[in-house]
Amino acid sequence: MRLTALYMTSILCGFGLMAMEILAARLVQPVFGSSTDVWAAIISVFILSLSVGYVIGGRIADRARTNLALGWVILGAGVFYALMPTYGLRFSNALPEVVQTARWGALVSCLALFLPPSLLLGCISPMLVKLVFVDASMVGRTTGTLYAIGSFGNVLGILVANYLFLPLFPLNETLIALGLALMVLGAAHLLVRVHAQGEEAA
Amino acid sequence: MIRFLGILIAVAALLFGWVFRDNHYRLQGIAMPSDQAVLHHRDSAYTSMTWVGSDSENFLQLRFFDKVEGGLCLRPTWGDLQTLAAKDSRLAHLVPAPGSVPPGANPDPRWRGALPDPGTLPNSAYVRFFPVGLLLNEALMAPAGGDLHRIAPRILVIGLGSSVGVLGLAHHVPQASITVVDIDREVEAAVREHIPMARWLETQKTADGSPRLRLIAQDARQFIRFDVQRDGKLYDLIILDAYTAGSTIPSHLMTKEFFAECKNALTPSGLVLGNIIGSHTGPKHLVVGGTLRSLRAAGLTSAHSIPVFQDPFETPAAFNPAGARNNIIVASQAAIDPRRNKPGWDRLTTFVPFPELPSGIAITTQLVPQDAEGRYVGGGIPLAVAETAVPGIAGLGRALAPAGPAFAEFRVIDDKAVIAKVRAAGLAWAAQEGLAPPLGWNDPSLHSLLLRRTDWLKASREVWRVSIQAGRDAAKHGAEALVGPLEGPDRDDRNPTWIIGDAPLFTDQMPNADIVNL
């Protein structure tokens with residue numbers, strides 16, 4: 001039960017992260033188009049935020065003994081998702097013309113718009129490892145399973161966003177719905193306590 | 001306690017995001033009518049598109065974000081065309097039997113009036129030039145005596161957009177079998193949903209049993225590679241009109257290798273016709289130069305560029321080579337340039353777009369605020385509203401005399417009392433209709449009103465006439481003059497004597513997207 005809940009968290013966060021990556025293209029397209037420059041900006045920003053997120057998430061995980069911090073991080077990501085429809089396009093539009101027309105312009109916009117929420121979701125993985133971890137002899141298997149499940153969520157997020165969300169639902173409503181899902185998940189972690197077990201075992 | 005506060009803040013953020021979410025499509029804009037309504041909005045994997053209509057200015061447009069892709073002028077309506085066809089048999093191919101097409105009234109509740117069915121008259125300029133690709137084909141046109149009604153060409157169009165260019169082509173060439181390839185099936189679905197003429201053309205057959213219109217959702221490069229192998233039939237014309245929402249051409253549809261595949265799918269006298277946004281000098285010259293050079297390198301050696309004159313104040317004599325515009329670039333293995341294909345260019349010169357349609361059926365009026373330099377500063381107020389406040393306003397002010405294509409009448413009204421009355425009437429009208437206040441009417445730089453009365457039929461003919469007149473000048477618009485000799489020992493890229501000296505060669509190894517400052 002406890003393990004299932006943590007795996008579900010991993011899937012949902014992975015789903016939200018990559019769904020945002022697909023939707024991000026639509027968010028910056030009105031200003032920056034849809035060239036490889038834009039995709040380079042989006043992908044680099046998401047991978048960068050994962051990289052930074054892993055570092056920060058790892059530090060938090062070492063201090064935390066419960067899932068309380070995890071709940072806060074997911075809730076925070078949800079807030080960014082829910083607010084994205086209010087500032088996403090306005091921000092890109094407000095940039096000076098020299099930035100809007102430059103090849104690197106999309107990078108500026110993507111850094112400002114997508115770094116915060118994806119960085120928060122990037123923190124999730126190490127925090128989950130800490131919570132799932134039971135026994136040093138099983139560390140390979142547990143982290144491996146967790147990564148596999150998170151990546152499966154990534155794949156689902158890409159495919160569902162591309163084939164279902166984009167053609168069927170407006171962009172803003174999709175973002176707000178994803179934000180709501182993350183908020184519910186975050187609130188659940190805030191309200192239901194899960195203790196790290198490896199700590200006691202060690 | 002702090003946890004519950006956090007959740008509460010999150011819920012507040014959710015509500016805030018919902019209430020203050022930004023419209024992804026921007027309805028109000030400079031020079032746009034204040035009564036625009038969104039008829040339909042759809043996001044897809046490739047783009048985000050909005051159908052917009054205006055009661056007062058009588059148009060239906062497909063926008064990719066705020067970029068106007070192409071619009072339909074709504075007169076003549078479907079019903080008007082049926083009436084015209086009953087009188088003139090040359091229009092019979094345009095309209096179905098009464099009752100065979102569902103009524104065109106749009107059920108969308110946001111549309112306040114009844115939306116008439118669109119006719120085929122476009123109000124974007126470049127799409128009117130698709131027939132160029134047939135008229136220059138000597139082997140096709142000469143046996144038919146130059147009559148577009150007597151040829152039965154096979155045409156491939158890459159990039160659908162609003163479909164308005166394709167419909168115009170089907171209008172002019174009733175026996176044409178047109179295949180449209182677009183990567184985005186959502187765009188095709190939207191066209192089928194909103195354009196009864198496209199829906200109807202799909203059900204029609206030419207004399208030899210081919211469909212008049214086929215819509216295929218596929219990447220054009222994949223399609224062209226296997227299509228000819230499949231049924232062995234070649235095309236007489238391939239039209240390149242694929243653009244992304246960023247107004248750039250997908251780079252794999254711009255290379256020498258792709259153009260060679262086009263050549264293999266064409267008859268020996270067939271043409272490639274591309275809509276290329278660019279200039280001869282200045283910031284967008286590499287697009288025009290690269291396209292011409294790459295087409296010729298692929299074996300379509302006779303090439304030419306026709307600039308589309310959309311600005312009523314620009315004349316062929318005062319052609320601005322640095323101005324970015326639509327250019328109709330044509331290329332073929334057969335001779336198509338003005339010096340070697342005089343019959344073809346004479347056909348272009350005498351051709352009259354939409355020859356059967358009577359004038360006076362497609363007129364729109366705009367009343368837009370502008371500043372002292374003549375730049376638009378706001379959105380249009382319907383002329384009918386202004387007319388109630390200031391009777392006879394359409395005759396007030398002074399007339400401007402455009403030097404270029406005379407497709408519109410312009411009057412400038414700078415009487416402050418008149419402007420104040422129109423502003424008050426416009427604001428009252430918007431409030432009564434539940435619309436946002438018309439944009440820019442309180443702008444301090446508002447200097448005068450511009451009344452623009454456009455006859456779209458006349459516009460189609462005038463823009464054609466002036467653009468062909470300009471384009472016929474081979475010293476300015478021929479391939480040799482623009483991009484120099486063919487690839488080979490004669491070509492000296494270090495000492496170019498041609499206009500676009502640094503014209504690049506787009507290849508699959510180095511496509512347009514990889515060339516900086518394009």
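The structure displayed is predicted, hence computed values, not measured ones. (Residues numbered from 1 in each chain as written. Chains lettered and ligands numbered in written order. Predicted model: local features only at pLDDT ≥ 70, side-chain atom pairs only at ≥ 80, totals over all residues. Heavy atoms only, no water.)

S.K.: Explain the pairing of strand 1 (residues 36-43) of chain B to me, please; I cannot follow it from the model alone.
M.R.: Across a regular strand the side chains alternate sides, sitting on one face of the sheet and then on the other. Residues and elements named next belong to chain B. Burial of strand 1 is extensive: 7 of the 8 residues sit out of reach of the surface. Here 7 bridges tie strand 1 to strand 2 (residues 48-54), and the two strands are oriented antiparallel to one another. Across the sheet, residue glutamine 36 finds its bridge partner in strand 2, namely serine 54. Linkage of strand 1 to strand 2, two consecutive antiparallel strands, is achieved through a turn of 4 residues. (Buried < 20%, exposed > 50% of the residue type's maximum accessible area, 1.4 Å probe, protein only. Helix = DSSP H or I, 4+ residues; strand = E, 2+ residues; numbered from the N terminus. Pairing = 2+ DSSP bridges.)

S.K.: I would appreciate a short explanation of the interface of chain A and chain B in the present structure.
M.R.: Reports of interface size often rely on the accessible area that becomes lost once the parts have come together. Facing the 34 residues of chain A at the interface are 33 residues of chain B. Between chain A and chain B, a total of about 2800 Å² is buried, with carbon and sulfur atoms accounting for 62% of that surface. Viewed at the interface, chain B and chain A are joined by 1 salt bridge. Across the salt bridge formed by arginine 21 of chain B and glutamate 173 of chain A, the nearest N and O atoms sit 3.3 Å from each other. Remark: the boundary between chain A and chain B carries 4 residue pairs in polar contact (both at pLDDT 80 or more). Elements supplying a minimum of two residues to the side of chain A that touches chain B: helix 1 (2-32), helix 3 (68-94), helix 7 (139-168) and helix 8 (171-191) of chain A. When residues in the side of chain A that touches chain B are grouped by element, the largest group, 11 residues, is from helix 3 of chain A. Residues of the side of chain A that touches chain B, tallied by class, amount to 21 nonpolar, 8 polar and 5 charged. (Contact = heavy atoms within 4.5 Å. Buried area = accessible area lost by both parts, 1.4 Å probe. Salt bridge = Lys/Arg side-chain N within 4 Å of Asp/Glu carboxyl O. Polar contact = N/O pair within 3.5 Å; in protein donor to acceptor, adjacent residues only side chain to side chain. Nonpolar A, V, L, I, M, F, W, Y, C, P; charged D, E, K, R; others polar.)

S.K.: Hey, could you run me through the sheet that holds strand 10 (residues 302-307) of chain B in this one?
M.R.: Residue and element names in this part refer to chain B. Ordered by their spatial adjacency, 7 strands build an open sheet running 7-6-5-8-9-11-10, and the pairing between neighbours is mixed. Only two strands of the sheet have a single neighbouring strand rather than two, namely strand 7 (213-217) and strand 10. In this sheet, neighbouring strand axes are inclined to one another by 15 degrees on average, regardless of whether the strands run parallel or antiparallel. With 4 bridges connecting them, strand 5 (residues 154-158) and strand 8 (residues 235-240) associate as parallel partners. By the bridge assignment, leucine 156 is partnered in strand 8 with isoleucine 238. (Axes fitted to C-alpha atoms, helices over the stretch in contact; angles between N-to-C directions.)

S.K.: Can you help me understand the sheet that holds strand 12 (residues 363-370) of chain B in this one?
M.R.: Strand pairing in a sheet relies on backbone hydrogen bonds, with the paired strands running either antiparallel or parallel. Residues and elements named next belong to chain B. What the 4 strands build is an open sheet, ordered 12-15-14-13; its pairing is antiparallel. Edge positions in the sheet fall to strand 12 and strand 13 (398-400), since each has one partner strand and no second. On average, each strand axis in the sheet is inclined to that of its neighbour by 25 degrees, with strand direction left out of account. By the bridge criterion, 6 bridges tie strand 14 (residues 408-413) to strand 15 (residues 448-455) in an arrangement that is antiparallel. Bridge pairing in strand 15 links phenylalanine 410 to arginine 452. The sheet strands contacting helix 13 (residues 416-433) are strand 12, strand 14 and strand 15, and the helix crosses strand 15 at an angle near 70 degrees. Relative to the sheet, helix 14 (residues 456-471) contacts strand 12 and strand 15, its axis offset from that of strand 15 by approximately 80 degrees.

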